[in-house]
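A look at the structure
For reference, the chains in residue letters:
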Amino acid sequence: MHPEPTAEELRILHEDWAWAGRYAMVWIIFTLLILGGAHLLFDYLGADANLRILAFMLLATLIIVSAIWRAAGALAARLEGRRRQGKN
């Protein structure tokens, strides 16, 4: 069984939770802007429904993979920074 987290560990967890929430909000706004821009472009070009569906599926997949990759990298950087702070 794991010991109860200390006050400092709880503070760090709350800080990271708040940071993750802000990061998620940025990605939600970014995704909406990209998908909205693509929708306007497809309307302007007169693309048919099949092309739109395939393009949006590809675009959504790229955005999700990019968001996961960036979040994993940011988390690794934050963990490394905390590890280094603990050694000092």
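Rules used throughout
Position labels on residues start from 1 in each chain and follow its written sequence. With pLDDT at 70 or above as the cut-off, local features in this predicted model cover only qualifying residues; side-chain atom pairs require 80 or more to be listed or tallied, and sums for whole chains, interfaces and linings still use all residues. Working from all heavy atoms in the structure, the side-chain values ignore hydrogens and water. Each helix corresponds to a stretch of at least 4 residues labelled H or I by DSSP, and each strand to a stretch of at least 2 residues labelled E; elements are numbered beginning at the N terminus. Each residue's exposure class comes from its accessible area (1.4 Å probe, protein chains only) as a fraction of the maximum for that residue type: buried when under 20%, exposed when over 50%, partly exposed otherwise. The patches reported here contain residues having more than 30% relative accessible area and no salt bridge. Joining distances are 9 Å for like charges and 5 Å for nonpolar side chains (Val, Leu, Ile, Met, Phe, Trp, Tyr). For the area figures, the Shrake-Rupley method with a 1.4 Å probe applies, and any residue is considered shielded solely by the protein chains shown. In what follows, salt bridge is the name for a side-chain nitrogen of Lys or Arg lying within 4 Å of a carboxyl oxygen of Asp or Glu. A contact between two residues is defined here by any heavy atoms of the two lying within 4.5 Å. Whether two aromatic rings pair depends on their centres lying within 6.5 Å, for rings of Phe, Tyr and Trp, where Trp uses its six-membered ring; planes under 30 degrees apart make the pair stacked, over 60 edge-to-face, and the rest tilted.

What follows concerns the overall build of the protein chain. Summing up its helical and strand segments, the protein chain has 2 helices and 0 strands in all. Counting every position in the protein chain, which comprises 88 residues, the buried fraction comes to 10%.

Take a nonpolar patch on the surface next. Among the surface-exposed residues, Met25, Ile28, Ile29, Leu32 and Leu33 lie close enough to one another that they form a single nonpolar patch of about 520 Å² accessible area. Tracing the backbone shows Leu33 in helix H1 (residues 7-45).

Right, let's get into the pattern of salt bridges. For the coordinates displayed, the defined rule picks out 1 salt bridge. The salt bridge partner of Arg52 is Asp43, with a shortest N-O separation of 2.7 Å. A relative accessible area of 41% places Asp43 in the partly exposed class.

Moving on to the side chain of Arg52. By the secondary structure assignment, Arg52 is in helix H2 (residues 49-87). Looking at Arg52, the relative accessible area reads 16%, which means it is buried. Once residues lying within four places of it in the same chain are set aside, the contact partners of Arg52 are His39, Phe42, Asp43 and Ala47.

In the structure shown here, the tally under the stated rule is 1 aromatic pair. Between Phe42 and Phe56, the aromatic rings sit 5.5 Å apart at their centres with planes inclined by 80°, giving edge-to-face as the arrangement. Taken together, the residues Phe42 in helix H1 and Phe56 in helix H2 connect sequence positions 14 residues apart. Judged by its relative accessible area of 13%, Phe42 is buried.

Don't take any of this as a statement about function, it's just geometry.
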